[in-house]
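Residue-level structural notes
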Amino acid sequence: MAGCLSTWVPLATVVAVTVLLLGPAVNGNTHLVHRRFEYKYSFKPPYLAQKDGTVPFWEYGGNAIASSENVRIAPSLRSQKGAIWTKSKTNFDWWEVDVVFRVSGRGRIGADGLAFWYTAEKGDYQGDVFGSSDRWVGLGIFFDSFDNDNKHNNPYISAVLNDGNKRFDHQNDGSTQLLSGCLRDFRNKPFPTRAKIEYYNNILTVLFHNGMTNNDQDYEMCFRAENVVLPKNGHFGLSAATGGLADDHDVFHFLTTSLHIPGQVTEEVPADQDQAKLTQEFQDYQKKLEQQKEDYRKEHPDEQPKEDLENWFEDYNARELRQIWEAQTATHDQLRTLSSKLDEVIGRQERTLGLLSVSAQGGPPPQIQQPHIPQGGGAPAQGAIQRHEVDALLQNQNVLAQTVREIRSIIGEVHARADSILNNQARAPTAQIQGGAYDMQNLINEMRDGMNQVKQGVAGVQQRMQQPQAQASVQCQSCVGMTAFLVTIVMHLLVIVGYNMYRDSRDAQAKKFY
């Protein structure tokens, strides 16, 4: 199953996960390391602080406040400082610390920031460097949220080493003493931000989680520095400070894991006497259990032994096969249901098209029998109107309507020309009445040309209508024949021509009278 995984993962996440899994192997060691959680150098909720307000194995002071869920190193008030330090020094050389924190405030810009410490001695609780002491011996990683040097490069994560002789350069945000760093925004994030700090074989690696997702492993590389020498034993600490601007600096988790070369740490093995005692007790218990089973069988010889308990439980492979079979069965049932619904929709659609085609022809809607569709799907009954028949009827209807429109336009054109000729004759003077015979002859010629065009148009339409009628398998019983249609058109034309000739002769007689 794992070999089929093809999900895209960002490069930074791949690097971070690789560092998390291989750990010191990335730092140059080809062997996996032995990791051990150090509870004396860690704290996490719930019940982070005891009823008396103390944090086990830790000391805090200044303006720091400890609760059951987190430690507020510095509250969102002006000029606040606080810190929390481990009571005892470490007894291991290499380590990894996972810090979960949140820096939040109302302003667009915050101050001053949060600091992680690993020093030879505990620092102050209200010092000058992010709430701790200056001139420290060891490592300080600063989550600086205020831009003191006005270079617009904050919030910034920086690492600074000190041997106890240098003062921190506040004016330049420690850039002149910087070991390494990265520009990351950690203020006002929807989820808590995380920092994973690893020190192994004199290589310091810092991974950062920007708090934009709730995925605990969504780390990205901040920096990696080699040849870093830190005190062999030291104290872990966290500190924070505010200035003219203020943020809440909350820490939820501080988890420390010691890193050891394989074989360096030996697991505690019980003494020989304790081991022998435990083994003897186990053997005695097994013998007592077998004796009780034998006594029960003797007291109840008629009872058949019950089935094996393993048969009462389902095997993992059997469960997986059963789930696959149930899923496939449900899918098959759904497909069958969808197929039947689709057949029903197709039948209704064909029936509706048939009713629409008959209604468009002007006839009464026939009683079309609903085609019977088998349960498993299939073709409809032979007595129903088929889809290609409906298409042929609709095509014939469209051709007929187009022909009627063409004939109507031709008749309208002929009528317009006749009216134009009559108007010209009416406006002419009485001396030109003799030319009426010539105009009448022109009118007859134009009428003859119009009739020829009508015949050609009707012949073309008839030829186009014969093709879809040859393909259609259903004949229309209530349609008008082509001969009757043409006779009707010719009679209308003759009536129009006769009426025009009668009107022309009447106008001519009226002119002669005057």
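1. Details of the pattern of salt bridges
According to the stated counting rule, one finds 18 salt bridges in the structure shown. With its nearest N and O atoms 2.8 Å apart, the salt bridge here joins Glu-59 to Lys-122. One end of the pair, Glu-59, is in strand β2 (residues 58–62); the other, Lys-122, is in the loop between β7 (113–119) and β8 (137–144), and 63 residues separate them in sequence. Accessibility expressed as a relative area gives 31% for Glu-59, which makes it partly exposed. Residue classification places Lys-122 among the partly exposed positions, given a relative accessible area of 33%. Where Asp-93 meets Lys-232, a salt bridge forms, and the shortest distance between an N and an O atom there is 2.9 Å. With Asp-93 in the loop between β5 (81–86) and β6 (94–104) and Lys-232 in the loop between β13 (220–225) and β14 (235–241), this pair connects stretches of sequence that are 139 residues apart.

2. Looking at the environment of Pro-262
Its place among the elements puts Pro-262 in the loop between β15 (248–260) and α2 (272–299). On the basis of relative accessible area, Pro-262 is assigned to the partly exposed category, the value being 43%. Distance from Pro-262 to His-34, taken between C-alpha atoms, is 5.5 Å for residues 228 residues apart in sequence.

3. Things to note about the side chain of Ser-132
With respect to the element layout, Ser-132 can be found in the loop between β7 and β8. Looking at Ser-132, the relative accessible area reads 2%, which means it is buried. Ignoring sequence-local partners within four residues, the contact set of Ser-132 consists of Trp-85, Trp-117, Gly-123, Asp-124, Gly-127 and Ser-239.

4. A short note on the sheet that holds β5
Here we have seven strands laid out as an open sheet, ordered β2-β5-β14-β7-β8-β9-β10, and antiparallel in their pairing. For this open sheet the edge positions go to β2 and β10 (178–183), each flanked by a neighbour on one side alone. Looking at each pair of strands side by side, their axes are set apart by 15° on average, direction ignored.

5. Structural notes on unusual backbone geometry
Omega for the bond connecting Ala-111 with Asp-112 falls within 30 degrees of zero, at -15°, which places this linkage in the cis form. Relative to the assigned elements, Asp-112 resides in the loop between β6 and β7. Cis geometry is found at the peptide bond from Asn-154 to Pro-155, where omega equals 0°. By the secondary structure assignment, Pro-155 is in the loop between β8 and β9 (156–163). Phi angles above zero are rare outside glycine, and Asp-173 is one such case at about 55°.

6. Describing the state of the cysteines
Throughout the structure, instances matching the rule amount to one disulfide. A disulfide bridge connects Cys-182 with Cys-222, and the sulfur atoms are separated by 1.8 Å. When the S-S torsion is -95°, as for the bridge of Cys-182 with Cys-222, the disulfide is left-handed. Of the two residues, Cys-182 sits in strand β10 while Cys-222 sits in strand β13, which places them 40 residues apart along the sequence. Of the two residues examined, Cys-182 and Cys-222, each falls in the buried class.

The rules we used
Residues numbered from 1 in each chain as written. Predicted model: local features only at pLDDT ≥ 70, side-chain atom pairs only at ≥ 80, totals over all residues. Heavy atoms only, no water. Salt bridge = Lys/Arg side-chain N within 4 Å of Asp/Glu carboxyl O. Helix = DSSP H or I, 4+ residues; strand = E, 2+ residues; numbered from the N terminus. Buried < 20%, exposed > 50% of the residue type's maximum accessible area, 1.4 Å probe, protein only. Contact = heavy atoms within 4.5 Å. Pairing = 2+ DSSP bridges. Axes fitted to C-alpha atoms, helices over the stretch in contact; angles between N-to-C directions. Disulfide = S-S within 2.5 Å.

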